[in-house]
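Structural overview for review
Letter by letter, the chains look like this.
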Amino acid sequence: MNKQRGFTLIELVVVIIILGVLAAVAVPKFTDMSTDARNAATKGVAAAISSGSSLNYAAKAAGNTSAVTVNAADVCTVALLGNFVVTGTGGINLVAAAPATPTDNDFIVATTATNACNGSQTTATCSITAAKGSGNTAATATVFCAR
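Just so you know, the residues in each chain are numbered from 1, in the order the chain's sequence is written. Totals for whole chains, interfaces and linings use every residue, but because this is a predicted model, local features are given only for residues with pLDDT of at least 70 and side-chain atom pairs only at 80 or more, for both listing and counting. Computation of side-chain values: all heavy atoms of the structure, hydrogens and water removed.

**What to know about a nonpolar patch on the surface**
Residues enter patches when their relative accessible area tops 30% and they take part in no salt bridge; the joining distance is 9 Å for like charges and 5 Å for the nonpolar side chains Val, Leu, Ile, Met, Phe, Trp and Tyr. Here the Shrake-Rupley method, with its probe set to 1.4 Å, supplies the accessible areas, and only the displayed protein chains count as covering residues. In what follows, salt bridge is the name for a side-chain nitrogen of Lys or Arg lying within 4 Å of a carboxyl oxygen of Asp or Glu. Taken together, I10, V14, V15, I18, L19 and L22 make up a surface patch of nonpolar side chains, about 590 Å² in accessible area. Note on conventions: DSSP H or I runs of at least 4 residues are helices, E runs of at least 2 residues are strands, and numbering of each starts at the N terminus. In this structure, L22 sits in helix α1 (residues 9-61). Any residue under 20% of the maximum accessible area for its type is buried, any over 50% is exposed, and the rest in between are partly exposed; the area is computed with a 1.4 Å probe on protein chains only. The exposed category is assigned to L22, whose relative accessible area is 53%.

This is how it looks when you write it as structure tokens:
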């Protein structure tokens, strides 16, 4: 009696067709997930800025002299926000406009005249958007006006 070994040609063709259909369904889903991932990262950056600003505000209110005084004309400037989050190699890069070749670490900080910490204003908002990719959604960061 002969024992059958291996697969028939029909079985192999069916498996290849099934793998092709799965790949055709998975590729568009992966593309959508990259935009979702960038939007989630943007929300994380905005939350980090808000949290860092809150800690800075509390330290300033408690009399810590190393806390940053936030009373510039525009609290959303990249230089000021650089005090609240990690910048540089492997960290978060806050930029005023998208660079020529953006990376996953680049986030655009929108600056407007209404974001000033002047007078009796206690908070201001900044718009954060991922620089890489298209269809990205902006997230809002709340910055406390420490004096």
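**Points about the UniProt feature "transmembrane region" (unreviewed entry) in the protein**
UniProt positions are given in the numbering used here, feature names are shortened, and annotations may be inferred rather than shown by experiment. Here, UniProt's "transmembrane region" (unreviewed entry) annotation points to residues 7-27. As a span, residues 7-27 carries 90% helix and 0% strand, and end to end its C-alpha atoms are 28 Å apart.

**A few points about the environment of T142**
You can see T142 is positioned in strand β4 (residues 139-144). Since its relative accessible area comes to 29%, T142 is described here as partly exposed. A C-alpha to C-alpha distance of 7.5 Å links T142 and I49, two positions 93 residues apart in sequence. Only heavy atoms enter the contact rule, under which two residues are in contact if any of them lie within 4.5 Å. Apart from the residues lying within four places of it in its own chain, the contact partners of T142 are S50, S53, T123, A124 and T125.

**A closer look at the pattern of salt bridges**
Taken as a whole and judged by the stated rule, the model has one salt bridge. Across the pair K132 and D104 runs a salt bridge, and its minimum N-O distance is 3.8 Å. Of this pair, K132 sits in the loop between β3 (123-130) and β4 while D104 sits in the loop between β1 (93-95) and β2 (106-110); the two residues are 28 residues apart in sequence, bridging distant segments of the chain. By relative accessible area, which is 34% here, K132 ends up partly exposed.

**Notes on the packing of aromatic side chains**
Stacked, tilted and edge-to-face are the three classes assigned to paired rings of Phe, Tyr and Trp, where Trp is represented by its six-membered ring and a pair needs centres within 6.5 Å; plane angles under 30 degrees give stacked, over 60 edge-to-face, the rest tilted. Applying the stated rule across the entire model yields one aromatic pair. Seen in terms of ring centroids, Y57 and F144 are 5.6 Å apart; in terms of plane orientation they differ by 35°. Their pairing is tilted. Remark: F144 occurs in strand β4 and Y57 occurs in helix α1; sequence separation between them is 87 residues. A relative accessible area of 36% places Y57 in the partly exposed class.

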